[in-house]
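The residues making up each chain are set out below.
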Amino acid sequence: MAVAEAGGKPGGQRRIVLITGASRGIGAETARVLAARGDHVVINYREKRKRAETLAAEIIATGGSASVAGADISDADSARALIDSVIAEFGRLDVLVLNASGGLERDAAPDYAMLLNRDAQAHVTRLALPHLPAGGHLVFVTSHQAHFSPTREAPPGYETIAASKRAGEDALRAMTDEFATRGIGFTVVSGDMIDGTIIVRLLERRDPDAVTARRDHGDLPTVEEFATAVANATTSPDPLGHTIYVGGMDYVAAAQP
Ligand SMILES: NC(=O)c1ccc[n+]([C@@H]2O[C@H](COP(=O)([O-])OP(=O)(O)OC[C@H]3O[C@@H](n4cnc5c(N)ncnc54)[C@H](OP(=O)(O)O)[C@@H]3O)[C@@H](O)[C@H]2O)c1
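Asker: Describe in detail the overall build of the chain, supporting the description with residues and values.
Answerer: What the chain contains, in helices and strands, is 11 helices and 8 strands. Whereas a compact globule of 257 residues would reach a radius of gyration of roughly 18 Å, the chain reaches 17 Å, a difference of no more than 12%. The principal-axis extent of the C-alpha atoms belonging to the chain is close to 50 × 40 × 35 Å. The proportion of buried residues among the 257 residues of the chain is 53%. When contacts within the chain are restricted to residue pairs at least 6 apart in sequence, long-range pairs at least 24 apart make up 77% of them. Carbon and sulfur atoms provide 51% of the accessible area of the chain, an area that totals close to 11200 Å². Averaging the coordinates of the 26 positive side-chain charges in the chain and doing the same for the 33 negative ones gives two points 4 Å apart.

Asker: Run through the layout of surface pockets, naming residues and quoting values.
Answerer: The gaps of empty space that remain are located by a probe, the size of a water molecule, rolled over the atoms. Estimates place the volume of the largest pocket at around 1300 Å³. Residue lining of the largest pocket: 50 residues in total, with Arg-24, Ser-101, Gly-102, Glu-105 and Ile-199 positioned closest to the centre. Going through the elements one at a time, helix 1 (25–36), strand 3 (40–45), helix 4 (112–128), strand 6 (137–143), helix 6 (159–173), helix 8 (198–206) and helix 10 (223–233) are the ones with two or more residues in the lining of the largest pocket. When the residues that make up the lining of the largest pocket are grouped by side-chain class, the tally is 21 nonpolar, 16 polar and 13 charged.

Asker: Could you give an account of the site of the ligand, with specific residues and numbers?
Answerer: Around the ligand there are 32 residues in total, and Ser-23, Arg-24, Glu-47, Asn-99 and Ile-194 lie nearest to it. Interatomic distance of 2.8 Å between a backbone N/O atom of Asn-99 and an oxygen atom of the ligand. At 3.3 Å, a backbone N or O of Val-141 approaches an oxygen atom of the ligand. In isolation the ligand exposes 910 Å². Once the protein is present, 96% of that is buried. One can see that the ligand is located within the largest pocket. Elements represented by at least two residues in the shell around the ligand include exactly helix 1, strand 3, helix 4, strand 6 and helix 8. A total of 3 residues in the shell around the ligand trace back to one element, the largest contributor, which is strand 6. A per-class count over the shell around the ligand returns 14 nonpolar, 11 polar and 7 charged.

Asker: I'd love a proper account of the side chain of His-147, names of residues and values included.
Answerer: Relative to the helices and strands, His-147 resides in helix 5 (residues 144–147). By relative accessible area, which is 8% here, His-147 ends up buried. Excluding its chain neighbours within four sequence positions, the residues that come into contact with His-147 are Thr-142, Arg-166, Glu-169, Arg-173, Val-188, Ser-190, Thr-243 and Tyr-245.

Conventions used here
- Along each chain, residues carry numbers from 1 onward, in the same order as the chain's sequence is written.
- The model is predicted, so local features are restricted to residues of pLDDT at least 70 and side-chain atom pairs to those at 80 or more, both for listing and for counting; the totals for chains, interfaces and linings are taken over all residues.
- Here the side-chain values reflect all heavy atoms present in the structure, with hydrogen atoms and water set aside.
- By definition, any uninterrupted DSSP run of H or I lasting at least four residues is a helix, any uninterrupted run of E lasting at least two residues is a strand, and each is numbered from the N terminus.
- For the radius of gyration, the atom set is restricted to C-alpha positions; the globular benchmark scales as 2.2 Å times the number of residues to the power 0.38.
- Accessibility here uses a 1.4 Å probe with only protein chains present; expressed as a share of the type maximum, an area under 20% marks a residue as buried, one over 50% as exposed, and anything in between as partly exposed.
- The contact criterion used is simple: two residues touch if any of their non-hydrogen atoms lie within 4.5 Å.
- Each accessible area is a Shrake-Rupley result for a 1.4 Å probe, and residues are judged covered by the shown protein chains and nothing else.
- For the purpose of charge, His is not counted, nor are the chain termini; Lys and Arg are scored as positive and Asp and Glu as negative.
- Every charge is mapped onto a representative atom, which is NZ of Lys, CZ of Arg, CG of Asp or CD of Glu.
- Grid points spaced at 1 Å and placed over the protein atoms alone form the basis of the search, with a cavity being a set where a 1.4 Å probe fits but cannot get out and a pocket an open set showing protein on both sides within 12 Å along at least five of seven lines. Lining residues have an atom within 4 Å of a point.
- Grid points are joined across faces, edges and corners, and a volume is the space filled by probe spheres set on the points.
- Ten residue types, Ala, Val, Leu, Ile, Met, Phe, Trp, Tyr, Cys and Pro, are classed as nonpolar, four, Asp, Glu, Lys and Arg, as charged, and the remainder, Gly among them, as polar.
- We call a residue near a molecule or strand as soon as one heavy atom of that residue lies within 4 Å of the molecule or strand.
- Pairs of N or O atoms are called polar contacts if they sit within 3.5 Å, as long as, within protein, a hydrogen donor faces a hydrogen acceptor (for residues adjacent in sequence, only side-chain-to-side-chain pairs).
- Pocket occupancy is defined atom-wise: a molecule lies in a cavity or pocket when more than half of its atoms are within 2 Å of its grid points.

Given below as C-alpha cells:
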C-alpha cells in the first residue's frame, strides 16, 4: 500500500480527508464535493487503482487536490498501512469518512460482511484516532435499511449487510466518550436506496419489489444528493452521534419509536 500523490502537495490550509472506498459511487462523489470545497482528499480503493487514479486526475484537473491510497481495510495490516502512509505523507489527518462497505460480492466469505462492515470500521477508527486533532471529524456512512436494523426488516439478500453495518455503527457509537474527550466530531449519515448505484441495481435484480416499494414513496435520492450530505457532515456542529437522514422520510418516521 502506498499513497500516490496524483498532483502537487496539498496546501497547508487544506484539511486532509481520508475517504474509504472512494474509487466509485458515493465515496467518489463525496471526494469530488470535498475537493471542490478546498480539501485534500485521499481516495482509498481496494482493487480499482486505475479508477481511483482517474478520479484523482479529474479532481486535480479542475483545480482540486487529491491522492490515492490502495488498501483492503478488512485486512488489519493493510488498514494500518493505510493510516501510517497518510500520516507519513501529510503529517496529519483531519477527517475520516468511513464509506467503504461490502458483503454482496459473489465470492464473499460468510464472515466477510462483519469483518468489513463492523470490525474494519472500528479498527480504522482506532488507528486514526490518535492522529485526528481536536475539531477533527469522523463520518460513518450507512443506509436506512442498516441503521434501522433489526427494527425494520431488510430487503431479501441484504439482511447480512444490514446487520453488519448496524453492528459497525454500534461499535463506533460505543467509542463516543473517547471522541468527546478528544474533541472529535462524529456524525452518521443514513440514506434511503440511492438511485443508479450498483448496490441498488443488484437488489433490483434480486428483488425488484423491494426497490419498487421504495420508489413508490417518491424519487430515490441521487448519488450527488447523498454525497453532498456526507460532505456536509464533515463540518456538522450537531451533537456527537447525530444521524442525518437522506431521503425515505416515510421509512424513517415508520421506524422511529
Ligand atoms: N448504494 C446505495 O443505495 C446506498 C444507500 C445508502 C447508503 N449507502 C452506503 O454508501 C456507502 C457507499 O456505497 P456505494 O453504493 O457507493 O458502494 P459501491 O459502489 O459498492 O463502492 C464501494 C467502494 O468501497 C470500496 N471497497 C469495497 N470493499 C473494500 C475494502 N475491503 N477495503 C477498501 N475499500 C473497499 C470499493 O473499492 P474497489 O472498487 O477498488 O474494490 C468501492 O470504492 C456504503 O457505506 C453504503 O452502505 C449506499
